[in-house]
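# Chains, contacts and geometry: an overview
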Amino acid sequence: MLPPDQTYQLLRNLTSPVVAVTSERDGKENGMISDAAIRASIVPTVPRLSVYVHKFNFSHDLIFDPGRFVLHLLHDKQFDLIHRLGFVSGRDRDKLADVPHHRGVLGAPVLDDCYAHFECRVANVMDTGSSTLFLGDVVEVGFGAAQAPRGEVMTASHFRTNMRPEWLKEYQAGLETAQRFAEERSRQIRAVVWRGLEP
Ligand SMILES: Cc1cc2nc3c(=O)[nH]c(=O)nc-3n(C[C@H](O)[C@H](O)[C@H](O)COP(=O)(O)O)c2cc1C
């Protein structure tokens, strides 16, 4: 086995594009950032994706309880949106207050400015101890408001390499807090049966 740091750096190659995940529960809207989202179906008529959300994030229960979320691919200029949604929690502030958005067909917020969005109903979940992997059935999809050409999708390496230098310390601190939280809980995996899938 390689040393943990080298293993982690290798695993970083599996990081996804940077996406914004929005949610809503009891009138409270929120949004967060993830780079752990992936296509989860090869069947065009059964479009699915999945995303890992840490349990300490406010968004976690806002997705889990109503069983829906909207995942947005971002274009490669949306650094400020990532800073706004991915560096602070929505527990104490309305992070979407100044971000133009509208309600989607499932009732969760859809950001007007993005590369594309996927409205998802949760089809199943997997507990990892520290986070939940949400499997989403895509029920609606659309492009952002900007006209084509849409440019490039924001990748994790483009974000890490080109974010404002003054954000780096904050980004690293957030990552280390998340890593400590995850380290303590990663082995406490629960068996979770998603609603409606009970035997
Ligand atoms: C580039 C980037 C990638 C991130 N990836 C994830 C992720 O995959 N899963 C996750 O739960 N949080 C991830 N985060 C952290 C959350 O976006 C962050 O904790 C956010 O403040 C949560 O907001 P909330 O508490 O309002 O839900 C990421 C943040 C950034 C900046």
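Overview of the structure. (Residues numbered from 1 in each chain as written. Predicted model: local features only at pLDDT ≥ 70, side-chain atom pairs only at ≥ 80, totals over all residues. Heavy atoms only, no water.)

What follows concerns the site of the ligand. Taken together, 21 residues form the shell around the ligand, and within it Ile33, His54, Ser59, Ser89 and Gly90 come nearest. Protein coverage of the free-state accessible area of the ligand, which is 640 Å², stands at 89%. Secondary-structure elements contributing two or more residues to the shell around the ligand are strand 2 (28-34), strand 4 (48-54), helix 2 (58-64) and helix 3 (79-86). Broken down by class, the residue content of the shell around the ligand amounts to eleven nonpolar, eight polar and two charged. (Near = heavy atom within 4 Å. Areas by Shrake-Rupley, 256 points an atom, 1.4 Å probe, with all protein chains shown as cover. Helix = DSSP H or I, 4+ residues; strand = E, 2+ residues; numbered from the N terminus. Nonpolar A, V, L, I, M, F, W, Y, C, P; charged D, E, K, R; others polar.)

Turning next to the nonpolar core. Judged by nonpolar contacts, the single largest core of 19 residues is most densely connected at Val18, Leu74 and Phe159. Counting residues per element, the ones that place at least two in this core are helix 3 and helix 4 (156-162). In terms of residue count, helix 3 provides more of this core than any other element does, four residues in total. Valine 18 has contacts with Ile33, Ser34, Asp35, His72, Leu74, Ile82, Met154, Thr155, Ala156 and Phe159, leaving out every residue within four places of it along the chain. (Core = buried A, V, L, I, M, F, W, Y, C linked by side-chain atoms within 4.5 Å. Buried < 20%, exposed > 50% of the residue type's maximum accessible area, 1.4 Å probe, protein only. Contact = heavy atoms within 4.5 Å.)

With that settled, the discussion passes to the side chain of histidine 72. Examined against the element boundaries, histidine 72 turns out to sit in strand 5 (residues 68-73). Classification of histidine 72 by relative accessible area gives buried; the value is 0%.

A separate point is the environment of valine 88. Within the element layout of this structure, valine 88 appears in the loop between helix 3 and strand 6 (101-103). With relative accessibility at 28%, the residue valine 88 sits in the partly exposed group. Sequence spacing of valine 88 and glycine 104 is 16 residues, and the spatial spacing of their C-alpha atoms is 24 Å. Once you skip the residues sitting within four places of it in the chain, valine 88 turns out to touch Arg93 and Lys95.

Once that is clear, we can look at unusual backbone geometry. The backbone of aspartate 26 sits at a positive phi, close to 50 degrees, despite the residue not being glycine. For aspartate 26, the position within the fold is in the loop between strand 1 (19-25) and strand 2.

Next up on the list: empty space enclosed by the protein. Summed over the entire model, instances satisfying the criterion amount to one cavity of 30 Å³ or more. In this structure, the largest cavity spans a volume of roughly 40 Å³. Lining the largest cavity, in full, are His75, Cys114, Tyr115, Gly144, Ala146 and Arg150. Partitioning the lining of the largest cavity into residue classes produces three nonpolar, two polar and one charged. (1 Å grid on protein atoms, 1.4 Å probe; cavity = no way out; pocket = protein on both sides within 12 Å on 5 of 7 lines; lining within 4 Å. Points joined across faces, edges and corners; volume = space filled by probe spheres on them.)

Looking now at the sheet that holds strand 3 (residues 37-39). An order of 2-1-5-8-9-4-3 is seen for the seven strands of this open sheet, with the pairing classed as antiparallel. Either end of the sheet is taken by a strand with one partner, and the two such strands are strand 2 and strand 3. The mean angle between the axes of side-by-side strands here comes to 30 degrees, regardless of whether they run parallel or antiparallel. Across three bridges, strand 3 lies against strand 4 in antiparallel orientation. Bridge pairing links isoleucine 38 to serine 50 in strand 4. In the packing of helix 3 onto the sheet, contacts are made with strand 1 and strand 2, and the angle to strand 2 comes to roughly 115 degrees. (Pairing = 2+ DSSP bridges. Axes fitted to C-alpha atoms, helices over the stretch in contact; angles between N-to-C directions.)

Mapped onto the elements, alanine 108 comes out in the loop between strand 6 and strand 7 (109-111). The class for alanine 108 is buried, based on a relative accessible area of 1%. Ignoring anything within four residues of it in the chain, the contact list for alanine 108 reads Ser23, Glu24, Arg68, Val70, His102 and Arg103.

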